[in-house]
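As a plain string of letters, each chain reads:
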Amino acid sequence: MIRTILTILKDRYPGRAQRLGRFFRAKELTNINLNLCDKQQQRVLICYTNMLDINYGNPCHANILHATQMIHYFIKRGYCVDFCHYADRAAFKFLGHHKYDVIIGQGYSYKEFCAKLNIPIRINFVTENHPLVVETKYKERLDYFRERHPKIKTNADIKRNGVIDVEQFMISTHGILMSSDFNALNFKEFNRLRQINSNAIYNEDWKFPDVDIAEAISGNRGNILWFGSGGFIHKGLDIVIDAIKELPDISLNCYGIRKEEYSLFDKLKGKNIFNRGRINVMSETFNREIVLKHNFIVFPSCSEGMSTAVATCMAYGIIPIITKECGFASASCMIILDDFHITCVKDAIQKTLLMSNDEILKMRQDCFKYAREQFSLMKFDESFRIIMDEILGI
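Participant: So, the overall build of the protein: which residues are in play, and what are the values?
Facilitator: The helix and strand tally for the protein stands at 16 helices and 13 strands. Since a compact globule built from 394 residues should have a radius of gyration of about 21 Å, the 22 Å found for the protein is in line with a globular shape. On the principal axes, the C-alpha backbone points of the protein span a range of 65 × 45 × 40 Å. Taking all 394 residues of the protein together, 55% fall into the buried category. Across the protein, every contact between residues at least 6 apart in sequence was considered, and the portion connecting residues at least 24 apart equals 69%. Put simply, the protein shows about 18,600 Å² of open surface, and 50% of that area lies on carbon and sulfur atoms. Averaging the positions of the 52 positive and the 45 negative side-chain charges in the protein gives two centres separated by 6 Å.

Next comes the structure, spelled out in structure tokens:
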């Protein structure tokens with residue numbers, strides 16, 4: 001509801017939208033680790049996600065976890081830390097009087113601080129693919145959707161607002177890209193671009209239940225998972241729906257669709273396609289309803305930084321069927337689609353039906369091990385420390 005009101009107000013009454021947005025969400029965290037006895041203490045500003053009222057037992061997104069570790073890094077290095085939301089248009093009013101030695105982040109607030117203050121180290125934290133690539137790929141998906149569904153009006157359902165733009169690259173001294181080598185090739189503007197893996201959300205005490213999963217594989221062959229968030233057409237849900245409508249013996253269970261996109265889902269769905277709402281990844285329900293009932297997640301996104309939804313499912317041993325644009329380095333525990341078209345997605349799903357139970361179990365075990373090694377918060381913490389120490393000359 002608040003998101004809808006802010007969208008309406010933003011263009012006509014930006015001042016009111018700004019005040020309302022701050023009341024509900026966009027407020028700063030300031031003076032973290034401030035040492036009043038150290039007059040030479042360095043200060044960093046992080047412009048990133050919303051860090052207010054966080055439930056670490058049920059985080060709404062993986063970026064909350066790695067943002068916390070970013071703060072932790074600067075505390076360990078003795079910095080005073082300020083934190084604002086990337087879209088907070090009032091942040092400069094409240095924080096612009098500070099002298100910053102480092103800024104790291106993205107979005108509107110990052111650009112404003114870089115433009116108005118002389119900050120020596122400016123690090124663009126990039127969690128999307130290159131904006132020009134995203135624009136091209138997204139248009140390609142919209143054209144494909146309209147080709148298949150010319151009578152469905154989607155203006156209110158397909159809007160996508162990216163956070164990253166080329167201007168941020170040009171004003172930055174460094175970049176950290178959360179994506180694959182394949183996507184990194186698009187970022188020619190950055191002379192000093194470093195890469196990092198995202199973290200998944202998972203219960204660290206959860207152990208791969210070999211026996212339970214082995215017993216469930218046969219019964220799961222007819223279930224396919226879509227697990228994501230906003231960005232219906234961008235992330236390829238429309239393609240998955242259309243593909244599975246042609247496979248009447250397969251059921252598609254969709255988790256995480258935003259309410260604003262329910263109407264588009266209802267226009268496209270078939271009898272074997274279900275909107276299951278949202279689910280707590282850390283809960284026993286997730287284990288029972290998703291892990292033990294699905295062997296594969298299909299996620300043919302047109303462009304991602306590195307999909308945390310896919311990484312999270314992999315951390316529970318669910319095998320991804322994905323496009324190379326999803327931001328992952330290719331691995332034997334993944335199925336990489338040749339393209340995004342319905343025929344290709346349908347063929348990939350049908351091939352999984354030809355796999356033996358033992359093949360699926362082995363692939364699920366490998367997927368679990370790979371994800372726990374590559375997408376752990378500990379891995380992010382270590383990689384971020386190495387990258388930042390290099391940038392700061394420590």
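Participant: Before we move on, can you summarise the packing of helix 3 (residues 62-76) against helix 16 (residues 377-392) with the specific residues and values?
Facilitator: In contact at an axis separation of 10 Å, helix 3 and helix 16 are set at 40° when each is read in the N-to-C sense. In terms of orientation, helix 3 lies oblique with respect to helix 16. Classified by chirality, the crossing of helix 16 by helix 3 is right-handed. Touching Leu65, His66, Gln69, Met70, His72, Tyr73 and Phe74 of helix 3 are Leu377, Phe380, Asp381, Phe384, Arg385, Met388, Asp389 and Leu392, all from helix 16. Residues that form the contact of helix 3 with helix 16 fall into these classes: 9 nonpolar, 3 polar and 3 charged.

Participant: If you had to explain the packing of aromatic side chains to someone new, which residues and values would you point to?
Facilitator: One pass over the full model with this rule turns up 19 aromatic pairs. Between Tyr73 and Phe74, the aromatic rings sit 5.1 Å apart at their centres with planes inclined by 85°, giving edge-to-face as the arrangement. Aromatic side chains Tyr73 and Phe384 sit 5.6 Å apart centroid to centroid with 90° between the ring planes, which places their arrangement in the edge-to-face category. Of this pair, Tyr73 sits in helix 3 while Phe384 sits in helix 16, and the two are 311 residues apart along the sequence. Members of the aromatic cluster, connected to one another through ring pairs, are Trp206, Phe208, Phe227, Phe286, Tyr316 and Phe368. A cation over a ring is seen here: Arg372 above Tyr316, with NZ or CZ 5.6 Å from the ring centre.

Participant: I'd love a proper account of the environment of Asn357, names of residues and values included.
Facilitator: Checked against the element boundaries, Asn357 lands in helix 15 (residues 357-374). The class of Asn357 is partly exposed, set by a relative accessible area of 28%. Taking the C-alpha atoms as reference points, Asn357 and Phe74, separated by 283 residues in sequence, lie 47 Å from one another. With sequence-adjacent residues up to four places away left out, Asn357 is seen in contact with Ile217, Ser218 and Arg221.

Participant: So what's going on with the side chain of Glu325? Which residues, and what values?
Facilitator: Structurally, Glu325 is set in the loop between strand 12 (319-322) and strand 13 (335-336). Residue classification places Glu325 among the buried positions, given a relative accessible area of 12%. Residues contacting Glu325, with those up to four places away along its chain left out, are Lys137, Phe182, Asn183, Ser301, Cys302, Ser303 and Glu304.

Participant: Provide a residue-level description of the confidence of the model for the protein, including the pertinent values.
Facilitator: With 91% of its residues at a pLDDT of 70 or more, the protein has an overall mean of 90. Across residues 1-6 the pLDDT falls below 50, and counting only partners more than four positions away or on other chains, this stretch makes 7 contacts in the model.

Participant: Before we move on, can you summarise the nonpolar core with the specific residues and values?
Facilitator: If you look at the biggest cluster of nonpolar residues, it comprises 104 residues, and the most contacted ones within it are Ile46, Phe74, Ile104, Phe227, Leu252, Phe384 and Met388. Sort the elements by how many residues they give to this core and helix 3 lands first, with 8 residues. Discounting residues that sit within four places of it in the chain, Phe74 has contacts with Val44, Ile46, Tyr79, Val81, Val102, Ile104, Phe384, Met388 and Leu392. Judged by nonpolar contacts, the second largest core, of 13 residues, contains Cys84, Tyr100, Ile103 and Cys114.

Participant: Give me helix 10 (residues 237-245): which residues, what numbers.
Facilitator: Taking burial as the measure, the 9 residues of helix 10 include 8 buried ones, the bulk of the element. Those residues of helix 10 that sit buried are Leu237, Asp238, Ile239, Val240, Ile241, Asp242, Ala243 and Ile244.

Participant: Before we move on, can you summarise the side chain of Arg141 with the specific residues and values?
Facilitator: Position of Arg141 among the secondary structure elements: in helix 6 (residues 131-148). Although Arg141 is buried, it forms no salt bridge, and the closest oppositely charged side chain is Glu140 at an N-O distance of 5.3 Å. Beyond its immediate sequence surroundings of up to four residues, Arg141 is in contact with Ile233, His234, Gly236, Ile239, Pro300, Ser301, Cys302, Thr323 and Phe340.

Participant: Let's hear about the environment of His61: which residues, and what values?
Facilitator: Summarising the element assignment, His61 is placed in the loop between strand 2 (43-48) and helix 3. Counting along the chain gives 249 residues from His61 to Val310, while the straight-line C-alpha distance between them is 12 Å. The contacts of His61, once residues within four sequence positions are left out, are Ile201 and Thr308. Here the side chain of His61 touches Asn63 through a polar contact of 3.0 Å, landing on its backbone nitrogen.

Thresholds applied
- Residues numbered from 1 in each chain as written.
- Predicted model: local features only at pLDDT ≥ 70, side-chain atom pairs only at ≥ 80, totals over all residues.
- Heavy atoms only, no water.
- Helix = DSSP H or I, 4+ residues; strand = E, 2+ residues; numbered from the N terminus.
- Rg over C-alpha atoms; globule rule 2.2 N^0.38 Å.
- Buried < 20%, exposed > 50% of the residue type's maximum accessible area, 1.4 Å probe, protein only.
- Contact = heavy atoms within 4.5 Å.
- Areas by Shrake-Rupley, 256 points an atom, 1.4 Å probe, with all protein chains shown as cover.
- Lys, Arg positive; Asp, Glu negative; His and termini not counted.
- Charge placed at Lys NZ, Arg CZ, Asp CG, Glu CD.
- Axes fitted to C-alpha atoms, helices over the stretch in contact; angles between N-to-C directions.
- Parallel < 35°, antiparallel > 145°, perpendicular 65-115°, else oblique.
- Left-handed = near helix turned anticlockwise from the far one by under 90°.
- Nonpolar A, V, L, I, M, F, W, Y, C, P; charged D, E, K, R; others polar.
- Phe/Tyr/Trp six-rings, centres within 6.5 Å; stacked < 30°, edge-to-face > 60°.
- Lys NZ or Arg CZ within 6 Å of the ring centre and 35° of its normal.
- pLDDT = per-residue confidence, 0-100.
- Core = buried A, V, L, I, M, F, W, Y, C linked by side-chain atoms within 4.5 Å.
- Salt bridge = Lys/Arg side-chain N within 4 Å of Asp/Glu carboxyl O.
- Polar contact = N/O pair within 3.5 Å; in protein donor to acceptor, adjacent residues only side chain to side chain.

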